[in-house]
Structures are given as C-alpha cells and as structure tokens.
Amino acid sequence: MGRFRLQDTPIVADARGARLTDPANGGYVSFEGWVRDHNEGRAVRRLEYEAMSGLAEREGERIIAEACARFGVAHAVCVHRVGGLEIGEMAVWVGVAGGHRDEAFRACRYIIDEVKHRVPIWKKEHYEHGDSGWVNCERCATHAHDHDHRHDTPHAHGS
Amino acid sequence: MTATLYGLVLAGGRSRRMQRDKAGLEYDGRAQLARAVELLTPLVSRCFVSVRGDQQDDPQRAAYATIADRLGELGPIGGIHAAQQEHPQAAWLVLACDLPFLDAATLQQLIAARAPQRLASAFRSSHDGKPEPLCAIYEPASAPAIAAWIAAGNKCPRSFLAQADALLLDLHSPAALDNINTPEEYQQARARLGGGGSRSLRPLKVRYFALLREQAGRGEEALQSAAATPRELYAELQARHGLKLAPEFLRVAVNDDFGSWSQSLEAGDTVAFLPPVAGG
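The model shown is predicted, which means the values in this text are computed figures rather than measured ones.

Enquirer: Mind showing me how you'd approach the interface of chain B and chain A here?
Expert: One widely used convention gives an interface's size as the accessible area the parts lose upon coming together. Contact with chain B, which involves 27 residues of that partner, is made by 34 residues of chain A. Carbon and sulfur atoms make up 58% of the area that chain B and chain A hide from each other, which totals about 2700 Å². For the pair chain B and chain A, the interface holds four salt bridges. For D257 of chain B, the salt bridge goes to R58 of chain A, with nearest N and O atoms at 3.7 Å.

Enquirer: Mind showing me how you'd approach the packing of helix α7 (residues 183-192) of chain B against helix α9 (residues 230-241) of chain B here?
Expert: Residues and elements named next belong to chain B. At a minimum axis separation of 8 Å, α7 and α9 run at an interaxial angle of 85°. Here α7 lies roughly perpendicular to α9, going by the angle between them. Facing α7, whose interface residues are Q188, A191 and R192, α9 presents E232, A235, E236, Q238 and A239. A breakdown of the residues in the contact of α7 with α9 according to their chemical character gives three nonpolar, two polar and three charged.

Enquirer: I keep staring at the nonpolar core and nothing clicks. Help me out?
Expert: Side chains that are nonpolar tend, in soluble globular proteins, to be buried together. Counting 35 residues, the largest nonpolar core has L233, F273 and L274 of chain B as the members making the most contacts within it. Mapped by element, the contributors of at least two residues to this core are β10 (202-208), α8 (210-216), α9, β12 (251-254) and β14 (270-274) of chain B. Apart from residues lying up to four places away in sequence, L274 of chain B is in contact with M52, L55, P120 and W122 of chain A together with F209, F249, L250, R251, A253 and F258 of chain B. Counting residues in each nonpolar core, the second largest holds 33 residues, with V44, A56, C68 and I121 of chain A among its members.

Enquirer: Whenever I open this one, the pattern of salt bridges confuses me. Can you help?
Expert: Opposite charge on two side chains makes pairing possible when the charged atoms of those side chains draw close. Residue and element names in this part refer to chain A. Applying the stated criterion across every chain yields a total of 25 salt bridges over all chains. Where R45 meets E128, a salt bridge forms, and the shortest distance between an N and an O atom there is 3.7 Å. Here R45 is found in strand β4 (residues 42-51), whereas its partner E128 is found in the loop between β8 (121-127) and β9 (132-134), with 83 residues between them in sequence. Owing to a relative accessible area of 46%, R45 belongs among the partly exposed residues under this scheme. Judged by its relative accessible area of 42%, E128 falls in the partly exposed class. The residue E59 makes a salt bridge to R62 at a minimum N-O spacing of 2.4 Å. With E59 and R62 both in helix α1 (residues 53-71), this residue pair falls three residues apart, about one helical turn. For E59, a relative accessible area of 5% puts it in the buried group.

Enquirer: Mind showing me how you'd approach the pairing of strand β4 (residues 46-51) of chain B here?
Expert: Within a regular strand, side chains alternate between the sheet's two faces. Residues and elements named next belong to chain B. With five of six residues buried, β4 lies mostly within the body of the structure. Of the pairings in the sheet, the one linking β4 to strand β5 (residues 66-68) comprises three bridges and is parallel in character. Bridge pairing in β5 places V49 opposite T66.

Conventions we followed
Here the residue index of a chain counts from 1 through its sequence in written order. Throughout, the order in which chains and ligands are written sets their labels, letters from A for the former and numbers from 1 for the latter. Owing to the predicted nature of the model, reporting of local features is limited to residues with pLDDT of at least 70; listing and counting of side-chain atom pairs is limited to 80 or more, with chain, interface and lining totals taken over all residues. Side-chain metrics rest on all non-hydrogen atoms present in the structure, leaving aside hydrogens and water. In what follows, residue pairs with any heavy atoms lying within 4.5 Å of each other are defined as contacts. Buried area: the sum, over both parts, of the accessible surface (1.4 Å probe) that disappears when the two are put together. Any carboxyl oxygen of Asp or Glu that lies within 4 Å of a side-chain nitrogen of Lys or Arg is treated as forming a salt bridge with it. Angles here are taken between N-to-C directions and fall from 0 to 180 degrees, while the axes themselves are lines fitted to C-alpha atoms, restricted in helices to the stretch in contact. Numbered from the N terminus, helices here are DSSP runs of H or I no shorter than four residues, and strands are runs of E no shorter than two. In these notes the angle categories are as follows: under 35 degrees is roughly parallel, over 145 is roughly antiparallel, 65 to 115 is roughly perpendicular, and the rest is oblique. Three categories are distinguished: nonpolar for Ala, Val, Leu, Ile, Met, Phe, Trp, Tyr, Cys and Pro, charged for Asp, Glu, Lys and Arg, and polar for the others, with Gly belonging to the last. Only buried Ala, Val, Leu, Ile, Met, Phe, Trp, Tyr and Cys residues count toward a nonpolar core, and they belong to the same one when joined by side-chain atoms within 4.5 Å. Working definition: with a 1.4 Å probe on protein chains only, accessible area under 20% of the residue-type maximum means buried, over 50% means exposed, and in between means partly exposed. Should DSSP find at least two bridges between two strands, the strands are taken to pair.

Pasting the structure below:
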C-alpha cells in the first residue's frame, strides 16, 4: 500500500493501522483537514473532490519521500478524500512519526503544504444559493481579466 | 429573371493587425487566397479577385482575373462597388479571403437560399446576430444603393446590409465564418485545421478534469491531431470545445506524469491539461 492514498470513503486517522508505530519513534504528529462551512466570505454547503488518480498518487508519494529525506523522519502517510463530502468531514489526513517532535512537526507541515499545491486534486464548492465553483479556477478564464489581476491568486504549481 | 452569379474574392486588405499579407497565409500548405478562389470557382459563372490599384502586379493576385478598386481606399465596399460597375448585369457572391473555416456546404446553403428579388442575401453572424457582409450575395439592384451609401460617406458594408432589404440566414455550421486577424488567431486556426501542412494526423488521447471537464463536456476523448506539442494541441482543443481557461494557468501531463508545453507528442500519447489544483 502506497504512503499517499486517495479514497472515496471516510478517513480513519489510525496511526497504528497505518503502521506509523515503531520502537524508534518518540513523536507522532498528525494534521486533519476538515470541510469548512465557509470560504472567501461565502457559505459552503458541501464539497466535491476530483483527482487524476495515477498522477496524484505518484506526486503524493514523491512529496512524502521528500519529507522523509529532508527532515529525517522514518514514517509518514497521507490520505485524501475524493467524491462528495459534507461539512465537518475529514478531507485529508497527514500522519508523521519520527525520533523527535521537531522533525515530525516540520515534515507534517511540509507534506500538507506541498500536497495542496502540487497534487492534481480539484475542489468544487457548492454554495448556499445552489451555485458552485472550482476553487482557484474561476478567475483563470481567457480574456476575463487584465494582467495585474492574474497575480492575485496564488496558483503555485509545484516547487 | 435571376441574374447570373459571379464570384468576388476580396484580397485588397492591408492586413495591418496580421502584419503580413493575409492572402498568402497558408493552411494545409495552400495560401488562403487560392483556397477561397478554388472554393468559389465551381459555384459561380466567373470568379474574380478584388485588389487595390497598387496590387495588380502582385504575382499571387495576378494569377487570377482581378478587378481593381476605383474609388481609393474604401475597404471591402470599394471592392464590391468596383465589381458592380465592371459587370452591372451580374449578381456577386462576395467572399473575404480570410475565412479559413469556410466550406463549400456553407456557400451552397447561401446559394440555395438566395432571394434574387431582394437586394442581398447573407448570413447572420453566429457571434452577434448582425449581417455578415463578406460572405454574401449582392444582386444587381443593390448597385445604386451601394453607390449612394458610399457617396453619403459610409464605408461599413455590415451597416449597409443591416439597413438594406436583405435576406438573413442562420448558418448551418456556426463557425464557418470565423475570420482571423492576428498572428495568434492564425496559429490557432492552423492548429484547428490540422495545420503544419506536411505534418500528418496522429492518434492522441486527451483527458479532462474539473472545470475543463465541464467546459469540454467530456472526461476524455480520442482524436486525430497534427499538433506537435501540448501547446498546439491545447490551442486546437480551445477552439473546438470553447475551453475558457488560459494556458498560462494550466499544467501539462503526458502519459500520467507531468510534462511540458513544448515537448514533442508521439502517436498514442495521452495528454491532460490540469487546472489550478486545490487539494487539502
């Protein structure tokens, strides 16, 4: 089983089940991303995540390998939901275990930040009035903006 | 009695926005002036090319029967006027030379629906609903009205048709009259037409995600394309599906890994264009 997984069923943040436990590990850090009921001033009713699965898993695995090498942690996993999610559901879980807390915190932060910016997963928000929008995409239309406007949305694509 | 139909291909433009002579732009290795003349010739009794006075010796134009403008630089309406003065008995099917997507079926639709008892027969623009003056039939009876229109200081043939007694048709093929004015539009048109001339079509697969999937109306498709790179392929798909995301916001994936806009595409490649991501 890869260290980065996509699944369309609820995430169970189970460090032991994910084999993060090891007698050499003194610290475990996890991050859970939850579906929020608002974004950029708009009330959100539910979300959909769509992924390009093969490439998403490959890029996610690369990120975890980078984190382990860079911060010297032994064990890390990341699970991301796809499909429809309700408010309050867990959208993403990152679990990192290492010898000490500092490298575990830093590796966990690195993984979630890179996953958000690099892995081909898209989020569609459904709003209270029945409309919807793809996050980070709606301002990218051809001719729909002037050039200055292009820079106020952070579309970080990769490192 | 219905007047005999002559053809007039307009090639007297200044091509200012294109920054090179539009008549010589090539699709599939053929200059668009030649394409337009070949398209029109079988459908009319005689076919002429409309030129400015200073273009009569241009080799590309001199290969055809030409009619030179008489009234100076009036643009297309000056060309129509000159043709009507030269052959007043004829009805004129007037065609701009910069319509790379025009096909014989569209011209046949116009000819079949022609209303000879009115001043003109034309299509409605699929973009703004206004008359398309440069793929239209002008009957002999329109000549005095056009001369008067010019004498009153007007130049715009579209405005002429809008106020004239003209039959307006809806295009069966809505993109047939899309024209091109800039180098960017030229490149897009070449890609859309399978453009490099000598390049052959290859089978490719395209996958669409998120907003692009919705705009394309499909998650994937198999197609034949002459696009050499993902950049050319995206231009082709943008035109075909009306994709509204600008390429500078997208990443490319080829065969399930990230790729570049300029890499060479091979037969059988699977290409995806990735909108800005938003995981987490």
